[in-house]
Amino acid sequence: MGNGKYGSVKSHSDPGPGDGGKTGLWRVLRPVIDLEKCIPAKTDKMACFNCWVYCPDGVITKTIQPVIDYEYCKGCGICAEECPAKAITMIEESDFKNEGE
Amino acid sequence: MHIIETGNVAAATGVKLARAQVVAAYPITPQTPLTEKLSEFVESGKMEAQYIPVESEHSALSVCIAAASTGARAFTATSSNGLLYMSEQVHWAAGARLPIVMCVANRAVGAPWNIWNDQQDSISQRDAGWIQMYASDHQHIIDKVIQAFYLAEKMKIPVMVCYDGYLLSHTYMPFEIPDEAMVDSFLPPFSPDYALDPGDPQNLNTVTLPDVRENIHGDLAPGYMEIRRSLHEDMRCAIVELGEIDKKYYEIFGRGGSPYVEAYKCDDASFIAVCLGSLSYHLRDVVDALRVEGIKMGVSGIQIYRPFPDQALVDVLKSAKGVIVLEKAISYGNQGALFADVKAALYPVKERPFVHNYILGLGGREIKTIDLYNALKDSCTASEAKVDTPRWIGLKL
Ligand code: SF4
Ligand code: SF4
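Residues numbered from 1 in each chain as written. Chains lettered and ligands numbered in written order. Predicted model: local features only at pLDDT ≥ 70, side-chain atom pairs only at ≥ 80, totals over all residues. Heavy atoms only, no water.

*Asks:* Where do I start with the pairing of strand 7 (residues 159-164) of chain B in this structure?
*Replies:* Successive side chains on a regular strand alternate, one facing one side of the sheet and the next facing the other. Residues and elements named next belong to chain B. Strand 7 sits mainly inside the fold: six of its six residues count as buried. Residues Val159, Val161 and Tyr163 point to one face of strand 7 and Met160, Cys162 and Asp164 to the other, with burial holding for every one of them. Here strand 5 (residues 101-106) runs beside strand 7; their pairing, made up of six bridges, is parallel. Counterpart to asparagine 106 in the pairing with strand 7 is aspartate 164. Taken together, the four bridges between strand 6 (residues 131-134) and strand 7 define a ladder with parallel strand orientation. (Buried < 20%, exposed > 50% of the residue type's maximum accessible area, 1.4 Å probe, protein only. Helix = DSSP H or I, 4+ residues; strand = E, 2+ residues; numbered from the N terminus. Pairing = 2+ DSSP bridges.)

Structure representation (structure tokens):
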């Protein structure tokens with residue numbers, strides 16, 4: 001009975017992207033940024049980034065063209081809600097089905 | 001050194017000798033004098049620990065969970081509704097595999113409001129994943145508290161040391177205080193596999209999905225079910241480890257030898273009473289009285305209830321004609337929880353003894369020796385018929 005390595009199986013891990021699993025699989029709605037409306041993309045200035053601030057999963061980059069990592073974006077829609085330029089639209093994930101993603 | 005003191009002081013002294021580093025507790029009758037004693041030890045410099053006052057039991061155990069996660073030896077204590085108030089964290093501490101030790105001075109659970117002794121509080125936490133030890137006297141309390149830290153840290157499973165409120169917590173009894181240096185030689189300082197460290201951040205007990213998944217290194221990480229199964233397997237191993245710990249304790253302190261079941265006159269017994277806590281010593285008088293009348297009675301006090309010492313218990317009970325389980329708790333709508341466990345343990349035995357169940361002492365209802373005597377005598381003589389419903393001792397209406 002037993003190997004003496006008690007408690008070796010527990011929830012304990014190095015932190016990093018993906019440690020919680022590929023959470024992008026949970027997504028029903030996908031946030032898509034319209035770069036024509038997005039302030040930093042439009043003005044070429046490091047401005048706004050409300051989406052980057054508010055995304056609870058930290059999956060949006062703080063770059064002149066903000067980029068969303070769909071591998072981990074859960075589709076909560078907070079970024080779309082917080083975007084002052086209404087540049088982010090939540091689109092049914094099923095609409096992308098045929099893209100072979 | 002021998003002293004005469006209360007069970008609560010025995011517990012506090014054990015915690016001090018075990019060099020607990022963090023104590024967080026919220027006072028509740030009948031546990032209160034234990035926490036008062038510990039705060040006195042800390043305040044007077046007799047004990048080098050952080051005493052963290054909290055506003056509730058839920059916080060008390062939360063503090064211990066945090067402390068144990070940083071690698072500190074942590075202790076708390078409670079009773080009754082206080083234990084139930086921390087119940088969420090009780091489960092958490094076990095799942096997180098933190099070796100916290102908690103004393104439970106057993107008390108009835110409201111409603112109606114009642115501060116007296118029974119064991120419904122800790123029995124209701126039976127399936128939380130904690131090891132549960134039950135003491136029958138003050139010597140048991142202090143010895144088990146010291147052993148509990150060892151067992152908890154070895155198994156990475158928290159341990160409850162339960163003792164009857166008032167009957168043990170507030171009564172004075174002589175007991176031996178183990179020598180400090182000897183306790184140090186028995187119980188090494190706590191050295192966790194991992195202690196919270198900003199230089200080496202880790203994820204602990206984050207959302208774990210139903211299925212297994214790869215960690216960031218690409219290795220398969222256990223899912224919830226693997227983690228919980230491991231808790232169960234390690235719990236079963238704790239039975240063996242407790243035997244080893246008991247041996248080691250016996251070598252150093254000269255006390256022990258019955259880590260699972262403390263049997264009194266059971267070797268030749270035809271009938272054996274089984275129970276938890278101080279009742280097993282109370283029943284010794286009844287056993288002696290029945291033996292004078294020629295009834296070969298014995299009594300077994302179960303020392304560890306979870307993990308359940310089924311094999312050790314079967315070894316004691318298997319040649320008896322009858323087993324009588326007496327309990328200060330009940331699984332409402334079914335029967336005494338211990339009764340069900342004893343019957344399950346005996347199931348593989350070919351010539352099974354009959355098993356009777358008595359519920360008694362709820363909410364501190366006085367347990368009269370004469371009532372115990374009559375009940376046991378009735379079970380031994382009147383019928384061997386299978387009575388599968390609990391009978392009650394001491395009901396007045
Ligand atoms: S919040 Fe909207 S406008 Fe601001 S950076 Fe994000 S997408 Fe662009
Ligand atoms: S805020 Fe929500 S929807 Fe937007 S990128 Fe982050 S996770 Fe995705």
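*Asks:* Please clarify how the site of ligand 2 should be interpreted in this entry.
*Replies:* By nearness alone, 13 residues border ligand 2, and A:Cys55, A:Cys73, A:Cys76, A:Gly77 and A:Cys79 come closest of all. Of the residues contributing to the shell around ligand 2, the split by class is nine nonpolar, two polar and two charged. (Near = heavy atom within 4 Å. Nonpolar A, V, L, I, M, F, W, Y, C, P; charged D, E, K, R; others polar.)

*Asks:* Which parts of the structure should I look at to understand the sheet that holds strand 17 (residues 354-360) of chain B?
*Replies:* Within a sheet, adjacent strands bond to each other through the backbone by hydrogen bonds, running parallel or antiparallel. Residue and element names in this part refer to chain B. Taking strand neighbours across the sheet as the criterion, the six strands line up as 12-14-13-16-17-18 in an open arrangement whose pairing is mixed. The open sheet terminates on both sides in strands that have one partner only, identified here as strand 12 (261-264) and strand 18 (391-393). Strand-to-strand twist of the sheet, defined as the mean angle between neighbouring strand axes without regard to direction, takes the value 25°. By the bridge criterion, four bridges tie strand 12 to strand 14 (residues 297-302) in an arrangement that is antiparallel. By the bridge assignment for strand 14, valine 261 is matched with isoleucine 302. The sheet contacts of helix 10 (residues 279-292) involve strand 12, strand 13 (271-276), strand 14, strand 16 (322-327) and strand 17, and relative to strand 14 the element is tilted by about 170°. Where helix 13 (residues 369-382) meets the sheet, it contacts strand 13, strand 14, strand 16, strand 17 and strand 18, and its direction lies at approximately 160° from that of strand 17. (Axes fitted to C-alpha atoms, helices over the stretch in contact; angles between N-to-C directions. Contact = heavy atoms within 4.5 Å.)

*Asks:* Looking at this structure, how should I read the pattern of salt bridges?
*Replies:* Think of it this way: side chains of opposite charge can pair up when their charged atoms draw near. Residues and elements named next belong to chain B. Overall, the coordinates contain 24 salt bridges over all chains when judged by the stated rule. Two residues, aspartate 234 and arginine 97, come together in a salt bridge whose shortest N-O distance is 2.7 Å. With aspartate 234 in helix 9 (residues 224-253) and arginine 97 in the loop between helix 5 (87-95) and strand 5, this residue pair connects regions lying 137 residues apart in the sequence. Looking at aspartate 234, the relative accessible area reads 8%, which means it is buried. (Salt bridge = Lys/Arg side-chain N within 4 Å of Asp/Glu carboxyl O.)

Remember that the coordinates give geometry; whether it matters functionally is a separate question.
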